[in-house]
Amino acid sequence: MDIKSQLAELKKQALAELGEINLSSDIEQWRVRYMGKKSQLTEILRGLAGLPIEERKAAGAASNALKAELETALVAKENEMKKLEIAKSAEEAIDVTLPGRPCPQGHLHPVTQAIEEMCSIFQGLGFQVVEGNEVEWDHYNFDALNIPKEHPARDNMATFWMNGESKEGTDWKMLLRTHTSPMQAHIMETTKLPIRIVVPGRVYRYEATDATHLAMFTQIEGLAVDEGITFADLKGTLYEFVRRFYGPDRKVRFRTDFFPFVEPGAEIAVSCASCGGSGCRVCGNSGWIEILGCGMVHPSVLEGAGIDSTKYSGFAFGVGIERIPMLRYGIEDVRNYYSGDLRFLRQF
Ligand code: DAH
């Protein structure tokens, strides 16, 4: 091949390759390949000296022209790449002077806050926190708690019964628990004595909702069983709970009440914070607000769980949770809790 066509071939190849390059780091390799000391072009230029004079002139001019052309193309390519890179880095640039985007932080639901506060008070008094199933056998929800078959709570209109579920080999039927008390029976059956537990959790009642009633709400159950537990332990524990939760200034009222699974049964009310006990709308003019039911565990409940009631005794209590922040913050409609309206929830 003569020099002219060699140069033409070289030019075609070099310019085509340069055109393909899209990384500036590849440009240097291209320069070395086509214009470096060991390149074909340099070799041709070196070989010019050995050519006859008439050939040398034309070949020299053509080689130098190609060299110049490649140099121009190289500079143009470098400029083009620089421009592209500047545009790209402007696109990707991070403006470190911009203020950060705020990351919204949530918080616990007021009912959860109340549960945590109450549980930590009971933990401080030596109680353990456990949880139970919201789906329950009627045996535990009623029978094991001394609630007889004819009790109105077992009515279809008071309880959510599960369709057709019954435990094999028994007549037990499945329901959504109507209170946390069934956990008393579960715990007594499965836990070594002594027992001191509190059980927070959801409960369900088949009833119409209004400002003070929900079909689903929350309770905390408490249970202590040991040798020699007396009514004085019940009173001492619950008075201390009220003192820690509501503060030392609230008065506590203790009255008898009836619950089938305790004997004797009682109810605790605290003096109304809104009126200080003189009577107002919040406390229904009584000056008192009932906060929990309690009592000494009925001997037949102990026996039903396999505990010797002549040796052991215990007390139990059940607190409704939703009304506690209601009283504290003056919330007037219990439905607000579960409406999902953030304007309501963000206040607490
Ligand atoms: N389970 C009762 C209810 O839902 C509340 C209750 C009363 C629980 C007395 C107890 C108790 O443990 O001793 O109305």
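Residues numbered from 1 in each chain as written. Predicted model: local features only at pLDDT ≥ 70, side-chain atom pairs only at ≥ 80, totals over all residues. Heavy atoms only, no water.

Q: I would appreciate a short explanation of the pattern of salt bridges in the present structure.
A: A side chain of one charge can pair with a side chain of the opposite charge when the charged atoms of the two come close. Within this structure, the stated rule accounts for 12 salt bridges. Note that Asp-138 is salt-bridged to Arg-154, the shortest N-O span being 3.7 Å. Residue Asp-138 is found in helix H6 (residues 138-141), and its partner Arg-154 is found in the loop between H6 and strand E3 (161-166); the two are separated by 16 residues along the sequence. Classification of Asp-138 by relative accessible area gives buried; the value is 5%. Close ionic contact of Asp-143 with Arg-154 constitutes a salt bridge, the shortest N to O distance being 3.3 Å. Within this pair, whereas Asp-143 is found in the loop between H6 and E3, its partner Arg-154 is found in the loop between H6 and E3, the two being separated by 11 residues in sequence. The network of salt bridges with shared partners includes Asp-138, Asp-143, Lys-149 and Arg-154. (Salt bridge = Lys/Arg side-chain N within 4 Å of Asp/Glu carboxyl O. Helix = DSSP H or I, 4+ residues; strand = E, 2+ residues; numbered from the N terminus. Buried < 20%, exposed > 50% of the residue type's maximum accessible area, 1.4 Å probe, protein only.)

Q: Whenever I open this one, the sheet that holds strand E1 (residues 128-129) confuses me. Can you help?
A: One key point about sheets: their strands pair by backbone hydrogen bonds, in either a parallel or an antiparallel sense. Spatially, seven strands are ordered E1-E5-E6-E10-E9-E8-E7 in an open sheet, and the strand pairing comes out mixed. Two strands lie at the open edges of the sheet, namely E1 and strand E7 (252-257), each paired on one side alone. Bridging between E1 and strand E5 (residues 195-204) involves two bridges; their strand directions are parallel. By the bridge assignment for E5, Gln-128 is matched with Ile-197. Its contacts with the sheet place helix H7 (residues 182-190) against E5, strand E6 (216-227), strand E9 (288-297) and strand E10 (312-320), and it is angled at close to 35° to E6. Strands E7, strand E8 (262-271), E9 and E10 of the sheet are contacted by helix H8 (residues 231-246), whose axis makes an angle of about 150° with E9. (Pairing = 2+ DSSP bridges. Contact = heavy atoms within 4.5 Å. Axes fitted to C-alpha atoms, helices over the stretch in contact; angles between N-to-C directions.)

Q: How should I be thinking about the site of the ligand in this particular structure?
A: The full set close to the ligand counts 15 residues, and His-179, Ser-181, Arg-205, Gln-219 and Glu-221 are the nearest of them. Residue Arg-205 places a side-chain N or O atom 3.0 Å away from an oxygen atom belonging to the ligand. In this structure, Ala-316 approaches the ligand through a main-chain N or O atom, which is 3.2 Å from an oxygen atom. If the ligand stood free it would expose 360 Å²; the protein chains cover 88% of that surface. Breaking the shell around the ligand down by element, the ones donating at least two residues are E6, E9 and E10. (Near = heavy atom within 4 Å. Polar contact = N/O pair within 3.5 Å; in protein donor to acceptor, adjacent residues only side chain to side chain. Areas by Shrake-Rupley, 256 points an atom, 1.4 Å probe, with all protein chains shown as cover.)

Q: Would you mind showing me how to read the layout of surface pockets here?
A: To find leftover empty space, a probe the size of one water molecule is rolled over the atoms. Computed from the structure, the second largest pocket encloses a volume of approximately 240 Å³. Together, 15 residues line the second largest pocket, and Ile-115, Glu-131, Gly-201, Arg-202 and Thr-218 are the ones closest to its centre. Contributing elements (two or more residues each) for the lining of the second largest pocket: helix H5 (110-124) and E5. Here the lining of the second largest pocket gets four residues from one element, more than from any other, and that element is H5. (1 Å grid on protein atoms, 1.4 Å probe; cavity = no way out; pocket = protein on both sides within 12 Å on 5 of 7 lines; lining within 4 Å. Points joined across faces, edges and corners; volume = space filled by probe spheres on them.)

Q: What is the right way to look at the nonpolar core in this model?
A: Across soluble globular proteins, you tend to see nonpolar side chains buried next to one another. Formed by 43 residues in total, the largest nonpolar core has its most connected members in Leu-292 and Phe-317. Of all elements in the fold, only H5, E6, H8, E8, E9, E10, helix H10 (323-329) and helix H11 (342-345) reach the threshold of two or more residues within this core. Of the residues forming this core, the biggest block, seven residues, is contributed by H5. Dropping the residues within four chain positions of it, Phe-317 is found in contact with Phe-122, Phe-127, Val-198, Ile-220, Glu-221, Gly-222, Leu-223, Leu-238, Leu-292, Gly-293 and Cys-294. (Core = buried A, V, L, I, M, F, W, Y, C linked by side-chain atoms within 4.5 Å.)

Q: Would you mind showing me how to read the packing of H5 against H8 here?
A: A pair of packed helices is characterised by two quantities: the angle between their axes and the separation of those axes. Their axes nearest at 10 Å, the elements H5 and H8 cross at an angle of 130°. Classed by the angle they form, the pair H5 and H8 counts as oblique. Handedness of the crossing formed by H5 with H8: right-handed. Contacts from Glu-117, Met-118, Ile-121, Phe-122 and Gly-124 in H5 reach Thr-237, Leu-238, Phe-241, Arg-244 and Phe-245 in H8. Along the lines of polarity and charge, the residues of the contact of H5 with H8 split into six nonpolar, two polar and two charged. (Parallel < 35°, antiparallel > 145°, perpendicular 65-115°, else oblique. Left-handed = near helix turned anticlockwise from the far one by under 90°. Nonpolar A, V, L, I, M, F, W, Y, C, P; charged D, E, K, R; others polar.)

Q: Quick question: what am I supposed to make of the domain arrangement of the chain here?
A: Frequently, the measure chosen for interface size is the accessible area removed from exposure when the parts meet. Splitting the chain by domain gives domain 1 (3-92) and domain 2 (110-345). The gap between the C-alpha centroids of domain 1 and domain 2 is 90 Å. (Domains from an automatic or database assignment.)

Q: Quick question: what am I supposed to make of the pairing of E10 here?
A: The side chains of a regular strand alternate between both faces of the sheet. Sheet topology note: the E6/E10 ladder contains nine bridges and is antiparallel. Bridge assignment links Ala-224 to a residue of E10, and that residue is Phe-315. Across five bridges, E9 lies against E10 in antiparallel orientation. What sits directly across from Cys-294, in E10, is Phe-317.

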